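Given next are the chains, with one letter for each unit.
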Amino acid sequence: MTKLSVNLNKIALLRNSRGRDFPNVVAFAQKFIALGVQGITVHPRQDERHITRQDTLDLAQLLPWGSAVEFNIEGYPSEDFLQLVEKARPAQCTLVPDAPDQLTSDHGWDVIKHRQALAKMCSRLQAQGIRVSIFLDPSLEQVEAVPATGAERIELYTEAYAAAYGSNQLESVLPSYAATAARAQALGIEVNAGHDLDLQNLSQFLQIPAIKEVSIGHALMVECIEQGMTSVVAQYLTICGEAA
Ligand SMILES: CC(=O)[C@@H](O)[C@H](O)COP(=O)(O)O
Ligand SMILES: NCC(=O)COP(=O)(O)O
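Residues numbered from 1 in each chain as written. Chains lettered and ligands numbered in written order. Predicted model: local features only at pLDDT ≥ 70, side-chain atom pairs only at ≥ 80, totals over all residues.

A word on the environment of Ile211
For Ile211, the location among the structural elements is in strand 8 (residues 211-216). The class of Ile211 is buried, set by 24 C-beta atoms lying within 10 Å. Each C-alpha atom of the pair Ile211 and Gln185 lies 9.6 Å from the other, and the pair is 26 residues apart in sequence. In contact with Ile211, other than residues within four places in its own chain, are Thr2, Ala181, Val191, Asn192, Ala193, Leu206 and Ala243. (Helix = DSSP H or I, 4+ residues; strand = E, 2+ residues; numbered from the N terminus. Buried ≥ 20, exposed ≤ 12 C-beta atoms within 10 Å, placed from the backbone. Contact = placed C-beta atoms within 7 Å.)

Encoded structure:
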């Protein structure tokens with residue numbers, strides 16, 4: 001079974017487009033949790049274009065460290081971000097190498113280059129009991145460097161998979177993810193995945209064994225508008241529940 005962590009960035013984006021607290025991010029976390037999701041993810045960006053620092057702290061109150069539903073905070077590890085994560089104390093922090101003005105996440109870490117800095121951040125967060133995951137492109141070369149950082153997990157950046165889904169390119173793309181996941185697991189690193197996953201492409205991706213968690217937001221919110229939250233979450237939970 002793979003855990004489903006719903007990313008609430010787009011709920012906050014909708015809220016920020018007006019001057020009042022509607023839709024409320026915590027209320028939506030509660031709705032998704034009531035439907036059975038196992039995790040909530042946010043990606044507070046420096047410009048607070050969607051999730052704010054306050055949203056992160058409010059969700060931390062709902063999902064304190066040790067709660068059954070996992071709180072995952074993703075983001076670029078600036079000093080501000082690290083302090084926010086320490087204050088929120090989520091179950092997991094996913095370190096993402098995004099520039100402040102980036103439209104969305106579009107690459108994983110060069111772990112070989114940033115190994116020492118990542119190791120320092122990992123031990124700092126792990127001192128608070130926070131699991132650390134490193135956002136990674138499918139790359140055997142990069143995954144070899146992960147154990148030296150001390151991170152417990154990687155999150156495979158799945159945009160390339162999603163883009164190839166349904167085309168001939170999938171034949172070469174999916175094996176690169178499977179090989180990276182297998183190598184990570186052999187090195188004792190657990191594997192998460194996310195970015196542009198949706199109801200169409202998820203089950204084929206989850207043919208890769210032992211993916212611990214998928215974080216899904218953008219497409220899931222669109223699917224909720226089209227099909228309704230109850231049905232969409234049930235479909236995701238079925239796919240995730242069938243995963244090896
Ligand atoms: C880290 C990652 O995979 C991203 O998908 C991210 O969480 C989405 O960020 P935006 O919602 O800002 O595009
Ligand atoms: N880590 C990926 C995530 O949280 C959501 O990505 P997306 O589904 O919004 O592309």
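We are not done yet, so read on.
Describing the site of ligand 2
For ligand 2, the set of nearby residues contains 13 residues, the closest of which are Asn7, Gly194, Ser215, Gly217 and His218. Its residues assigned to classes, the shell around ligand 2 shows 3 nonpolar, 7 polar and 3 charged. (Near = placed C-beta within 6 Å. Nonpolar A, V, L, I, M, F, W, Y, C, P; charged D, E, K, R; others polar.)

Quick look at the UniProt feature "active site" (unreviewed entry) in the protein chain
Annotation from UniProt places "active site" (unreviewed entry) at His43, Glu74 and His195. Spanning 153 residues, the named residues form one tight spatial group whose C-alpha atoms are at most 12.0 Å apart. Note on placement: His43 falls in the loop between strand 2 (39-42) and helix 3 (53-62). With 23 C-beta atoms counted inside 10 Å, the residue His43 sits in the buried group. Non-local contacts of His43, meaning those with residues more than four positions away in its chain, are made with Asn7, Asn9, Ile51, Glu74 and Gly75. Note on placement: Glu74 falls in strand 3 (residues 70-75). Not counting the four nearest positions on each side in its chain, Glu74 is found in contact with Thr41, His43, Thr94 and Val96. (UniProt positions renumbered as here; feature names shortened; annotations may be inferred.)

Let's talk about the UniProt feature "binding site: 1-deoxy-D-xylulose 5-phosphate" (unreviewed entry) in the protein chain
Mapped onto the present numbering, the UniProt feature "binding site: 1-deoxy-D-xylulose 5-phosphate" (unreviewed entry) falls at Arg45, His50 and Thr104. What stands out for the annotated residues spanning 60 residues is how close their C-alpha atoms remain, the widest pair being 11.6 Å apart. As for its placement among the helices and strands, Arg45 is situated in the loop between strand 2 and helix 3. Note on Arg45: 22 C-beta atoms within 10 Å, which makes it buried. Take Thr104: there are 12 C-beta atoms within 10 Å of it, and that puts it in the exposed class.

Digging into helix 5 (residues 111-126)
Taking 1.5 Å per residue, 16 residues should reach 22 Å; helix 5 reaches only 18 Å between its end C-alpha atoms and comes up short. Helix geometry: helix 5 is bent most strongly at Ala117, by close to 45°. Among the residues of helix 5, Val111, Leu118, Met121, Cys122 and Leu125 are the ones counted as buried. On its buried side, helix 5 packs onto helix 4 (79-88), strand 4 (92-95), strand 5 (131-136) and helix 6 (140-143). (Expected span 1.5 Å × (residues − 1). Bend = angle between axes of the 7 residues up to and from the residue.)

Structural notes on the confidence of the model for the protein chain
When pLDDT is averaged along the protein chain, the result is 97; 100% of the residues meet or exceed 70. Scored by ipTM, the complex comes to 0.97, with pTM at 0.97. (pLDDT = per-residue confidence, 0-100.)

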